Amino acid sequence: MTPGARIQAAAEILELWLDGEAAEKALTGWARRSRFAGSKDRAAIRDHVFDAIRCKRSYAALGGALTGRGLMIGMARAQQLEIADLFSGQGHAPDPLSEAELVSGDAAQGAAALDLPDWLEPIWRDSLGAQAEAAALAQQTRAPVMLRVNLRKSDIAQARAALSAEGIETHPVEMSDTALLVETGARKVALSQAFQTGLVELQDGASQAVVDALPLTDGLRVLDYCAGGGGKTLAMAGRVDARFSAHDINEGRLRDLPDRAVRAGVEVALLPAGDVQGDFDLVLCDAPCSGSGSWRRAPDGKWRLSAAQLQQLTEMQRDILDQAAGLVAANGVLAYATCSLLECENGDQVTDFLKRHPGWTETLRRQWLPGAEGDGFFLSCLTGPGFDAIKGSNISG
Ligand SMILES: C[S@@+](CC[C@H](N)C(=O)[O-])C[C@H]1O[C@@H](n2cnc3c(N)ncnc32)[C@H](O)[C@@H]1O
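For every chain, the first residue of the written sequence is number 1, and numbering continues from 1 along that sequence. Owing to the predicted nature of the model, reporting of local features is limited to residues with pLDDT of at least 70; listing and counting of side-chain atom pairs is limited to 80 or more, with chain, interface and lining totals taken over all residues.

Novice: I'd like a description of the confidence of the model for the protein, backed by residues and values.
Specialist: Across the chain, each position has a pLDDT score giving the predictor's confidence in that residue, from 0 to 100. Chain-level statistics for the protein give a pLDDT mean of 95 and a share of 97% at 70 or above. Throughout, a residue-residue contact means that the two C-beta atoms, derived from backbone geometry, are no farther apart than 7 Å. For the stretch residues 392-397, pLDDT sits under 50, and the model shows 14 contacts to residues farther than four places along the chain or on other chains. Across the interfaces of the predicted complex, the ipTM metric reaches 0.99, alongside a pTM of 0.94.

Right under this line is the structure:
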């Protein structure tokens, strides 16, 4: 496909997305109908589509219309592409710009320039203060591809060498001592031997940093209460010899965890949904949230989130914290994490929890903003009234 034909395909997929179809579904449907497209075409079209979703408002303003075509014109202007070459009308390329389109389009202002929904902008600003604009602008960019080195099977140097032998170049980052940023060969990772044999997993740098900050030691009974695909369970198990249990209200989300655990060389017990009992030394609640810290990876979420859904999420988070608190041993730790940047899902949840649970204390709080090495994340560690004061230590901001 020519670069122009890829733009035309992306514009058509974006029309479906604007009509309410999920981006992944629209992309898959297009690929099925377009067997002529090669893997490089599909990858380029995917990049155009996701760039446009991340920057929906600013591209629509620059392109002069909130349509698939308008978004592609906006993208071409924002990325300073050769519009006349791309919109040539030749072959399968889009038609040349009309007189009206040639003079349409302005730089976005206000919330549109930050690619935030209007209703969210004040909440975003209140939550992030001086960092609000930088955090929003970071969500307009593509996320880095990051790997976690499985310390049970490898170390950074070995893993880098194994990946490099398969054409995947990486470099270590500061955010976590298990994290590698993929420089080249990202599309080869999933089929590489290094991945298939469990030397590395795909995992964002901030997710790894959250696990690094947990009070993990050998022998602990650890419960990943909202385990999902088990990314954090496996990251914890890569660090220490503890007894790991994973739970999720949606058991289907745990489906891949047994195979992933085998590949990683670790043991994880799966607990039945909604029926967890026992005392755990560490209960991690990586709670369902707006995902606002990782919207550059899943930008659909930014536009689909509503104020009512945000309210529902905060109620869910409160209930999860209350349920999980009952599973923490007297000397144990409740770790609350979200990939959100919004205070109502983070600090406010902790404040409200401490009000509802007298005797509990916050022993650690960290906030990561989206950046070159990882997504936005929040972590708070809480201990109950029976906690041995010697164990609780620093609160870092
Ligand atoms: C942010 S995801 C977890 C991601 C996972 N920890 C990882 O690193 O891959 C949140 C998970 O919480 C689960 N969940 C939602 N409500 C829950 C509840 N009341 N109890 C336990 N899990 C819940 C969801 O099904 C979802 O899988």
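Novice: An account of the packing of helix 1 (residues 3-18) against helix 3 (residues 39-54) is needed here, citing residue identities and associated values.
Specialist: In this analysis, axes come from line fits to C-alpha atoms, helices being fitted only over the stretch in contact, and the angle between any two N-to-C directions falls in the range 0 to 180 degrees. By the criteria applied, helices consist of DSSP H or I runs no shorter than four residues and strands consist of E runs no shorter than two, each listed in order from the N terminus. For the pair helix 1 and helix 3, interaxial distance at closest approach is 9 Å and the crossing angle is 50°. In terms of orientation, helix 1 and helix 3 fall into the oblique class. As helix 1 packs across helix 3, the resulting crossing turns out to be right-handed. Listed contacts from helix 3 to Arg-6, Ile-7, Ala-9, Ala-10, Ile-13, Leu-14 and Trp-17 of helix 1 are Asp-41, Ala-44, Ile-45, His-48, Val-49, Ala-52 and Ile-53. Residue composition of the contact of helix 1 with helix 3, by class: 11 nonpolar, 1 polar and 2 charged. Note on terminology: angles under 35 degrees are roughly parallel, angles over 145 are roughly antiparallel, angles of 65 to 115 are roughly perpendicular, and the others are oblique. Helix crossings fall into two classes, left-handed where the near helix is turned counterclockwise from the far one by less than a right angle and right-handed where it is turned clockwise. Note on residue categories: nonpolar means Ala, Val, Leu, Ile, Met, Phe, Trp, Tyr, Cys or Pro, charged means Asp, Glu, Lys or Arg, and polar means any other residue, Gly included.

Novice: Please set out unusual backbone geometry residue by residue, giving values where relevant.
Specialist: Even without being glycine, Gln-80 reaches a positive phi, approximately 50°. By the element assignment, Gln-80 lies in the loop between helix 5 (68-78) and helix 6 (83-86). Positive phi is not limited to glycine here, since Asp-115 has a value of about 55°. Here Asp-115 lies in the loop between helix 8 (110-113) and helix 9 (121-128). The exposure label follows from counting other C-beta atoms within 10 Å of a residue's C-beta, where the C-beta atoms are placed from the backbone and the thresholds are 20 or more for buried and 12 or fewer for exposed, leaving partly exposed in between. On the neighbour-count criterion, Asp-115 (23 C-beta atoms within 10 Å) is buried.

Novice: A description of the sheet that holds strand 10 (residues 361-368) should follow, citing residues and the corresponding values.
Specialist: In sheet architecture, strand pairing relies on hydrogen bonds along the backbone and comes in two forms, parallel and antiparallel. Any two strands are treated as partners once DSSP identifies two or more bridges connecting them. Pairing in this open sheet of 7 strands is mixed, and the strands run 7-6-5-8-9-11-10 from one edge to the other. Since the sheet does not close on itself, it has two edges, and those belong to strand 7 (268-270) and strand 10, each with one partner. For this sheet the average axis-to-axis angle between neighbouring strands, irrespective of direction, equals 20°. As paired strands, strand 8 (residues 280-286) and strand 9 (residues 328-338) are joined by 6 bridges and run parallel to one another. Each bridged residue has a counterpart across the sheet, and for Phe-280 the counterpart in strand 9 is Val-328.

Novice: Can you tell me about the site of the ligand, naming the residues and giving the values?
Specialist: In the vicinity of the ligand lie 16 residues, with Cys-226, Gly-228, Gly-231, Ile-249 and Asp-286 positioned nearest. Of all the secondary-structure elements, those providing two or more residues to the shell around the ligand are helix 14 (231-237) and helix 17 (307-325). Being near a molecule or strand means, for a residue, that its backbone-placed C-beta atom lies within 6 Å of it.

Novice: Describe helix 3, and please don't skip the residues or the numbers.
Specialist: The periodicity of an α-helix, 3.6 residues per turn, causes residues three or four positions apart to be oriented the same way. Helices are assigned an expected span. That span is 1.5 Å times one less than the residue count. Here helix 3 is 16 residues long and its end C-alpha atoms lie 22 Å apart, about the 22 Å a rise of 1.5 Å per residue gives. Of the positions making up helix 3, those classed as buried are Ile-45, His-48, Val-49, Phe-50, Asp-51, Ala-52, Ile-53 and Arg-54. For helix 3, the secondary structure elements touched by its buried residues are helix 1, helix 2 (23-33), helix 4 (56-63), helix 5 and helix 16 (300-304).

Novice: Just give me the short version of the UniProt feature "binding site: S-adenosyl-L-methionine" (unreviewed entry) in the protein, but keep the residues and values in it.
Specialist: UniProt positions are given in the numbering used here, feature names are shortened, and annotations may be inferred rather than shown by experiment. Per the UniProt record, "binding site: S-adenosyl-L-methionine" (unreviewed entry) is found at Asp-248 and Asp-286. The largest pairwise C-alpha distance within this set of annotated residues, which runs over 39 residues, is 10.3 Å, so the set is compact in three dimensions. Along the chain, Asp-248 falls in the loop between strand 6 (243-246) and helix 15 (257-264). Residues contacting Asp-248, with those up to four places away along its chain left out, are Cys-226, Ala-227, Gly-228, Arg-253, Leu-254 and Ala-273. Note that Asp-286 resides in strand 8.

Novice: I'd like a rundown of the packing of helix 1 against helix 2, residues and numbers included.
Specialist: At a closest axis distance of 9 Å, the pairing of helix 1 and helix 2 adopts a crossing angle of 135°. One element, helix 1, and the other, helix 2, form an angle in the oblique class. Regarding helix 1 and helix 2, the two cross each other, and that crossing is right-handed. Along the contact surface, helix 1 presents Ala-9, Glu-12, Ile-13, Leu-16 and Trp-17, while helix 2 presents Ala-23, Ala-26, Leu-27 and Trp-30.

Novice: For the sheet that holds strand 1 (residues 146-149), give the residues involved together with the corresponding values.
Specialist: On the basis of which strands lie adjacent, the open sheet formed by 4 strands has the order 2-3-1-4 and antiparallel pairing. Each of the sheet's edge strands pairs with one partner strand only, and the pair in question is strand 2 (169-172) and strand 4 (200-202). Each strand axis lies, on average, 40° off the axis of its neighbour in the sheet, ignoring direction. The pairing of strand 1 with strand 4 spans 3 bridges and is classified as antiparallel. From the neighbouring strand, Leu-147 faces strand 4, where its bridge partner is Leu-202.

Novice: Break down the environment of Ala-206 for me, citing the residues and quoting the values.
Specialist: Within the secondary structure, Ala-206 is located in helix 13 (residues 205-213). Ala-206 gets classed as buried once you count the C-beta atoms within 10 Å, which come to 29. Along the chain, Ala-206 and Gly-265 lie 59 residues apart, while their C-alpha atoms are 23 Å from each other. Apart from residues lying up to four places away in sequence, Ala-206 is in contact with Met-175, Trp-368, Gly-374, Asp-375, Gly-376 and Phe-377.

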